[in-house]
Amino acid sequence: MEKLFYAIALPSISLIVSLWKGDNKFDRYFQLAMGVFILTEIIGIYVIDIYGRNFWVYNCHVPIVFVIYGLMYISVIQTKSSVRIIKFLIALLVALAFFLNVPATTFLEKYNIQVFLFGVVLILVFIFLYLRELLTNDKLLEYYRMRSFWISIGLIIFYVPILPVFVSMEKRLITPEVREIILYVLNILMHFSFLIAYIWSRRI
Amino acid sequence: MVEENLDILIISFVIILLALSTLIGVLMHIFNRKRLELLLKMREAEHKNAQMISDARRETQEQMLKNLSWELHDNIGQLLSVSKIQLSMMHLPDEPQQKKLLEDTIVLLGEVLDEVRNLSRSLNPNSILFVGVIKATELEISRLNRLKFLRASMKVEGKEFEIDKDHQLIIYRIIQEIITNVIKHAKATTFEIKFIFDNEFLNLICTDNGVGKDVSLPFEGLGIKNIKERCVFIGAEITFESIINNGVTIKMRYPNTLSNQQ
């Protein structure tokens, strides 16, 4: 039930608010990412009911969503060197996902956490490049009114702790139940930040 | 097992929340600091721009006044001199009335020539710098009285200190602007300027007995704007006081910059 709430309901709320207020390329990519989240969960629930396993759904989901995040940041970053870095990293992620998922045993039988962890590092790099550019821009005067700033904060809130949580789970330092509760809370905080982004922001 | 899970959960939460709060706090702090620095830089740039525009406007005005002074002296002054000479060379008519008319015209022309020369001197910044602001103001006051624009008077109190020559010119321009405003708007009959010197400041007080102004409304207009900009340039403070139908008092406080530098 909790999973339904944080995996489907919360992204749906963020998507609806974004569709209501969002009007630029960054918003469109964000809406696409939320849409992918919702679709993944719905397909995941449907597939597990029929086949008992749904690892391939999430193995597909991870590279797609991180590529969308990359494109989202390319649409707001103006520095050419940063855009080149992001494009290179996206290509690296796609290559890694391809080579790890191509063997059917890994694609169907288990969740390729390495791709996810690499994607997490990537999103943090994208956010770092964006915030670094914002610090040297005139838009810094009203950074607290910028949608992209609050969405970045939301992504930091979720993805910075998620790395140690997943690693801890792999090393069996925490149980899946503990992981679920942490994910639940982090999702709420992240989507709350997304709501601030759309309700409090204005066109800069 | 459940208790173990709970312990791990609580510990994890505390660590995560602490780490997140620190991270977000540091991020916001950095952003706020950079934002303040940017605001400061923008304000400084605005101030510099405004200063540049003010300097350019002032230089343009001085150049225009210089050009006007030359025109008056070299062109109009010369024409009047020649006219006076030519009239003086005419044979005086026998008819007493016509003779008196011609003599009066020559005298009048002489007065016009003197006024044009005085005006030319008062507009020329070099002559003001040569005689100093006190003397230049005295000449301006006597010109006002002679032309019967106002009953003007001047007082100097305290021991005079040396004022930077460029600042003297600017102070004189301020006084001229004040006098122009009094003549154009105040409908005053009397005007007084006081120069009060103490060790640290020159206090300039200009008072008229005109219609006054409602002090709740801002003192604006191009002339007042010029006065304020000039005061800022020389580091002087200026205040405007008035009662309706009881005239305006303008007080300027100029610091003794040359002795401060020594």
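Residues numbered from 1 in each chain as written. Chains lettered and ligands numbered in written order. Predicted model: local features only at pLDDT ≥ 70, side-chain atom pairs only at ≥ 80, totals over all residues. Heavy atoms only, no water.

Right, let's talk about the overall build of chain B for a bit. Of regular secondary structure, chain B possesses seven helices and five strands. When each of the 262 residues of chain B is scored for burial, the buried share is 36%. Restricting the contact set of chain B to residue pairs at least 6 apart, pairs at least 24 apart contribute 68%. Here chain B displays about 16600 Å² of accessible surface, and carbon together with sulfur accounts for 59% of that area. (Helix = DSSP H or I, 4+ residues; strand = E, 2+ residues; numbered from the N terminus. Buried < 20%, exposed > 50% of the residue type's maximum accessible area, 1.4 Å probe, protein only. Contact = heavy atoms within 4.5 Å. Areas by Shrake-Rupley, 256 points an atom, 1.4 Å probe, with all protein chains shown as cover.)

In this section: a nonpolar patch on the surface. Together, Leu 39, Ile 43, Trp 56 and Leu 108 of chain A give the surface a local cluster of nonpolar side chains, amounting to about 340 Å² of exposed area. Given the relative accessible area of 31%, Trp 56 of chain A is considered partly exposed. (Patch = residues over 30% accessible without salt bridge, like charges linked within 9 Å, V, L, I, M, F, W, Y side chains within 5 Å. Salt bridge = Lys/Arg side-chain N within 4 Å of Asp/Glu carboxyl O.)

Turning our attention to the packing of helix α3 (residues 55-74) of chain A against helix α6 (residues 113-135) of chain A. For any two helices packed against each other, the geometry comes down to the angle between their axes and how far apart the axes lie. All names here are of chain A. It is at 10 Å that the axes of α3 and α6 come closest, and there the two elements cross at 10°. One finds that α3 runs roughly parallel with respect to α6. Contacts between α3 and α6 involve Val 62, Pro 63, Phe 66, Tyr 69, Gly 70 and Tyr 73 from the former and Val 115, Phe 116, Gly 119, Val 120, Ile 123, Phe 126, Ile 127 and Tyr 130 from the latter. Among the residues making up the contact of α3 with α6, the classes are represented as 12 nonpolar, two polar and no charged. (Axes fitted to C-alpha atoms, helices over the stretch in contact; angles between N-to-C directions. Parallel < 35°, antiparallel > 145°, perpendicular 65-115°, else oblique. Nonpolar A, V, L, I, M, F, W, Y, C, P; charged D, E, K, R; others polar.)

What follows concerns the interface of chain A and chain B. Counting from both sides, the interface comprises 26 residues of chain A and, opposite them, 19 residues of chain B. Together chain A and chain B conceal approximately 2000 Å² of surface at their shared face, both sides included; 86% is due to carbon and sulfur atoms. Run the count over chain A and chain B and you get zero salt bridges. Put simply, chain A and chain B have three residue pairs in polar contact (both at pLDDT 80 or more) between them. Going through the elements one at a time, α6, α7 (147-170) and α8 (176-200) of chain A are the ones with two or more residues in the side of chain A that touches chain B. Here the side of chain A that touches chain B is composed, by residue class, of 22 nonpolar, two polar and two charged. (Buried area = accessible area lost by both parts, 1.4 Å probe. Polar contact = N/O pair within 3.5 Å; in protein donor to acceptor, adjacent residues only side chain to side chain.)

With that out of the way, let us pick up the packing of aromatic side chains. Counted under the stated rule, the structure contains 19 aromatic pairs over all chains. Taking 4.9 Å as the distance between ring centres and 85° as the angle between the ring planes, the aromatic pair formed by Phe 30 of chain A and Phe 194 of chain A counts as edge-to-face. Pair noted here: Phe 30 of chain A is in helix α2 (residues 25-51) and Phe 194 of chain A is in helix α8, with a separation of 164 residues, a long-range link. Taking 5.9 Å as the distance between ring centres and 65° as the angle between the ring planes, the aromatic pair formed by Phe 66 of chain A and Tyr 69 of chain A counts as edge-to-face. With a gap of three residues between them, Phe 66 of chain A and Tyr 69 of chain A both fall in helix α3, about one helical turn apart. Relative accessible area serves as the criterion here: at 1%, Tyr 69 of chain A is assigned to the buried category. Ring pairing ties together the aromatic residues Phe 66, Tyr 69, Phe 116, Phe 158, Tyr 159 and Phe 166 of chain A, which thus form one cluster. Above the plane of the ring of Trp 20 of chain A lies Lys 21 of chain A, whose end atom (NZ or CZ) is 5.8 Å from the centre. Positioned above the aromatic ring of Phe 201 of chain B is the side chain of Arg 253 of chain B, whose terminal nitrogen or guanidinium carbon lies 3.8 Å from the ring centre. (Phe/Tyr/Trp six-rings, centres within 6.5 Å; stacked < 30°, edge-to-face > 60°. Lys NZ or Arg CZ within 6 Å of the ring centre and 35° of its normal.)

What follows concerns helix α6 (residues 222-234) of chain B. Because an α-helix packs 3.6 residues into every turn, residues spaced three or four apart end up facing the same way. Residues and elements named next belong to chain B. End to end, α6 covers 19 Å across 13 residues, agreeing with the expected 18 Å (1.5 Å per residue, within 8%). Listed in full, the buried residues belonging to α6 are Gly 223, Ile 224, Asn 226, Ile 227, Arg 230, Cys 231 and Ile 234. The buried residues of α6 all sit within an arc of 155° when viewed along its axis, so they share a single face. Projecting away from the buried face of α6 at angles above 90 degrees are the exposed residues Leu 222 and Val 232. Immediately beyond the C-terminal end of α6, within one or two residues, lies Gly 235, with a positive phi of roughly 80°. (Expected span 1.5 Å × (residues − 1). Arc of directions from axis to C-beta.)

All names here are of chain B. Under the definition given, this model contains one cavity of 30 Å³ or more. Mapped by element, the contributors of at least two residues to the lining of the largest cavity are α1 (2-89) and α6. For the lining of the largest cavity, a count of residues per class yields one nonpolar, three polar and four charged. (1 Å grid on protein atoms, 1.4 Å probe; cavity = no way out; pocket = protein on both sides within 12 Å on 5 of 7 lines; lining within 4 Å. Points joined across faces, edges and corners; volume = space filled by probe spheres on them.)

Below, the discussion takes up the confidence of the model for chain B. Residues and elements named next belong to chain B. Of the residues in chain B, 94% have a pLDDT of 70 or more, and the chain-wide mean is 85. The secondary-structure element of chain B with the lowest mean pLDDT is helix α7 (residues 257-261), recorded at 67, while strand β2 (residues 190-197) shows the highest, at 94. Both scores are available for the predicted complex, with the pTM at 0.65 and the ipTM at 0.78. (pLDDT = per-residue confidence, 0-100.)

Bringing the side chain of Thr 249 of chain B into the picture now. As for its position among the elements, Thr 249 of chain B is in strand β5 (residues 248-255). Take Thr 249 of chain B: its relative accessible area is 18%, and that puts it in the buried class.

Moving on, we come to the pairing of strand β3 (residues 201-208) of chain B. Residues and elements named next belong to chain B. Relative to β3, β2 is paired through seven bridges, and the arrangement is antiparallel. Residue pairing for β3: Phe 191 is matched across the bridge by Asp 208. A loop of three residues connects β2 with β3, the two strands running antiparallel in sequence. Bridge analysis of β3 against β5 gives seven bridges, and the strand direction is antiparallel. The partner of Ile 205 across the bridge, within β5, is Lys 251. (Pairing = 2+ DSSP bridges.)

Okay, the pattern of salt bridges next. All chains considered together, the criterion is met by 12 salt bridges over all chains. The closest approach of N and O atoms between Lys 135 of chain B and Glu 138 of chain B, which form a salt bridge, is 3.8 Å. With Lys 135 of chain B and Glu 138 of chain B both in helix α4 (residues 133-146) and three residues apart, this pair spans about one turn of that helix. Linked by salt bridges that have partners in common, Asp 23, Asp 27 and Arg 147 of chain A make up one network.

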